[in-house]
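# Summary of the model geometry
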Amino acid sequence: MDLPNIPNQEVKLPELEEKQVRLFVKREDKIHPLLSGNKYRKLKYNLQMAKSEGHHTLLTFGGAFSNHIVATAYAGKDSGFKTIGVIRGEEWTNTWKENPSLSLANRYGMKFYCISRARFQQKKDPQFLKELKKRFGSFYLIPEGGTNSLAVKGCEEILTQTDLHFDYICTCVGTGGTIAGLINSSTIHQTVLGFPALKGNFLREDIYTFVKKDNWNLISDYHFGGYAKVNKSLIQFINEFRQKTQIPLEPIYTGKMMFGIMDRIKKGFFEPSSQILAIHSGGLQGIKGMNSLLRRKNLPELDV
Ligand SMILES: *Cc1c(COP(=O)(O)O)cnc(C)c1O
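Report follows, based on the coordinates.

Each value, and the rule that gives it
Residues numbered from 1 in each chain as written. Predicted model: local features only at pLDDT ≥ 70, side-chain atom pairs only at ≥ 80, totals over all residues. Heavy atoms only, no water. Axes fitted to C-alpha atoms, helices over the stretch in contact; angles between N-to-C directions. Helix = DSSP H or I, 4+ residues; strand = E, 2+ residues; numbered from the N terminus. Parallel < 35°, antiparallel > 145°, perpendicular 65-115°, else oblique. Left-handed = near helix turned anticlockwise from the far one by under 90°. Contact = heavy atoms within 4.5 Å. Nonpolar A, V, L, I, M, F, W, Y, C, P; charged D, E, K, R; others polar. Salt bridge = Lys/Arg side-chain N within 4 Å of Asp/Glu carboxyl O. Buried < 20%, exposed > 50% of the residue type's maximum accessible area, 1.4 Å probe, protein only. Pairing = 2+ DSSP bridges. Near = heavy atom within 4 Å. Polar contact = N/O pair within 3.5 Å; in protein donor to acceptor, adjacent residues only side chain to side chain. Phe/Tyr/Trp six-rings, centres within 6.5 Å; stacked < 30°, edge-to-face > 60°. Lys NZ or Arg CZ within 6 Å of the ring centre and 35° of its normal.

## Some points on the packing of helix 2 (residues 37–52) against helix 3 (residues 67–78)
Relative to each other, helix 2 and helix 3 sit at 45°, their axes nearing to 10 Å. Classified by the angle their axes make, helix 2 and helix 3 are oblique. Classified by chirality, the crossing of helix 3 by helix 2 is right-handed. Seen from helix 2, the contacting residues are Lys39, Leu43 and Leu47; seen from helix 3, they are Asn67, His68, Ala71, Thr72 and Ala75. When its residues are assigned to classes, the contact of helix 2 with helix 3 shows four nonpolar, three polar and one charged.

## Some remarks on the pattern of salt bridges
When their charged atoms lie close together, side chains carrying opposite charge are able to pair. For the structure on display, the rule yields 14 salt bridges. A salt bridge links Glu157 to Lys44, with the shortest nitrogen-to-oxygen separation between them at 2.7 Å. Of this pair, Glu157 sits in the loop between helix 8 (149–155) and strand 7 (168–173) while Lys44 sits in helix 2, placing them 113 residues apart in sequence. Glu157 gets classed as partly exposed once you look at its relative accessible area, which sits at 29%. Residue Lys44 is classed as partly exposed on the basis of its relative accessible area, which comes to 25%. Salt bridges here are not isolated pairs; linked through shared partners, they connect Glu10, Lys12 and Arg22.

## Remarks on the sheet that holds strand 5 (residues 111–115)
With parallel pairing, the four strands of this open sheet are ordered in space as 5-4-3-6. Edge positions in the open sheet fall to strand 5 and strand 6 (140–142), since each of these has one partner strand only. Strand-to-strand twist in this sheet, taken as the mean axis angle between neighbours without regard to direction, amounts to 20°. Bridging between strand 3 (residues 57–62) and strand 6 involves three bridges; their strand directions are parallel. Its bridge partner lying in strand 6, Leu59 is registered against Leu141. Running over the sheet, helix 2 touches strand 3 and strand 6 and is turned about 165° from strand 6.

## Some words on the site of the ligand
Around the ligand sit 16 residues in total, of which Lys39, Lys42, Gly174, Thr175 and Thr178 are the nearest. In the environment of the ligand, an oxygen atom lies 2.6 Å from a nitrogen or oxygen atom belonging to the side chain of Lys42. Those elements giving two or more residues to the shell around the ligand turn out to be helix 2, strand 7 and helix 9 (177–185). Top element by residues in the shell around the ligand is helix 2. It accounts for three residues.

## Topic: the packing of aromatic side chains
Taken as a whole and assessed by the stated rule, the structure comprises 15 aromatic pairs. Each ring, one from Tyr208 and one from Trp216, has its centre 4.9 Å from the other, and the planes form 55°; the classification is tilted. Seen in terms of ring centroids, Tyr222 and Phe259 are 6.3 Å apart; in terms of plane orientation they differ by 55°. Their pairing is tilted. One end of the pair, Tyr222, is in the loop between strand 9 (216–218) and helix 11 (232–245); the other, Phe259, is in helix 12 (residues 254–266), and 37 residues separate them in sequence. Take Tyr222: its relative accessible area is 6%, and that puts it in the buried class. What links up through ring pairs into an aromatic cluster is the set Phe195, Tyr222, Phe224, Phe237, Phe241 and Phe259. Above the face of the Tyr253 ring, Lys39 is positioned so that its terminal group lies 5.7 Å from the ring centre.

## As for the sheet that holds strand 9
Either a parallel or an antiparallel arrangement is found when strands of a sheet pair, and the pairing is made through backbone hydrogen bonds. The mixed open sheet is built from six strands, whose spatial order is 1-2-10-7-8-9. One side of each edge strand has no neighbouring strand; the edge strands of this open sheet are strand 1 (9–11) and strand 9. The average angle at which neighbouring strand axes cross in this sheet is 25°, direction not considered. The sheet contact formed by strand 2 (residues 22–27) and strand 10 (residues 275–280) spans six bridges and is parallel. The residue bridging Leu23 from the neighbouring strand is Ile276, located in strand 10.

Have a look at this one:
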């Protein structure tokens, strides 16, 4: 897949002018509707490796609304692989057709193996992997969320020569692969800020397994209670941001990051004349599934 050349988009909002900072968005969401953003970056070298090792099947792990599952299904089909998704939650065995992300992944040929949350916890256990090999034959394993050193290598290609003048690079953080790539390709004059989408203190160490530099920090105040947890003010922020800037966000990752960036700007965290680059890591395919959850919870829905 050849990448389109997508220029950074400047966000024009009165809050930014008032604080004299400039904010640009790297529209990695525009790479592809399904294989978008960081998931394209993370799969690229893994697919090359799987091919060179002679594999015909990719196996990976994920939650039922996971962007990584959809991206692996699409990229796998595109590159001629069979794909298997090991899904968290046995209940999806019979109900995956009701889930927009799983239905989409299945349309690209992914087969599912839905297992209990307890068994899913064992996803790194060699014994469990042995069982999977027995069941499905040999496969190239892509970890949950897609993060490994080849994924980090792919994410090192997000920043380009023309991004060197930014003072701050902001990104969402799930497993930390994306931020690790950004840190590796940043200059030491830049600060990389990660906005975790989930609670937990394991992230710093995970990120340090892939990076040597210290020009980065995690801002952990904007996870909204944990992974995929949302509230009314987040949904309203995303809808308003889209109206004002024409930039769509989703509530699991990019919406939380942008909420955090704008909140920090308003609070004067960035010194005047700062230039900030926010990475739009994609994930927009998840909006449909999120809206059906929001409807059930009687929360406002995301504009589409
Ligand atoms: C998967 C995903 C992330 C998380 O990336 P990590 O490399 O796991 O930190 C961020 N944003 C979006 C839109 C994603 O789909």
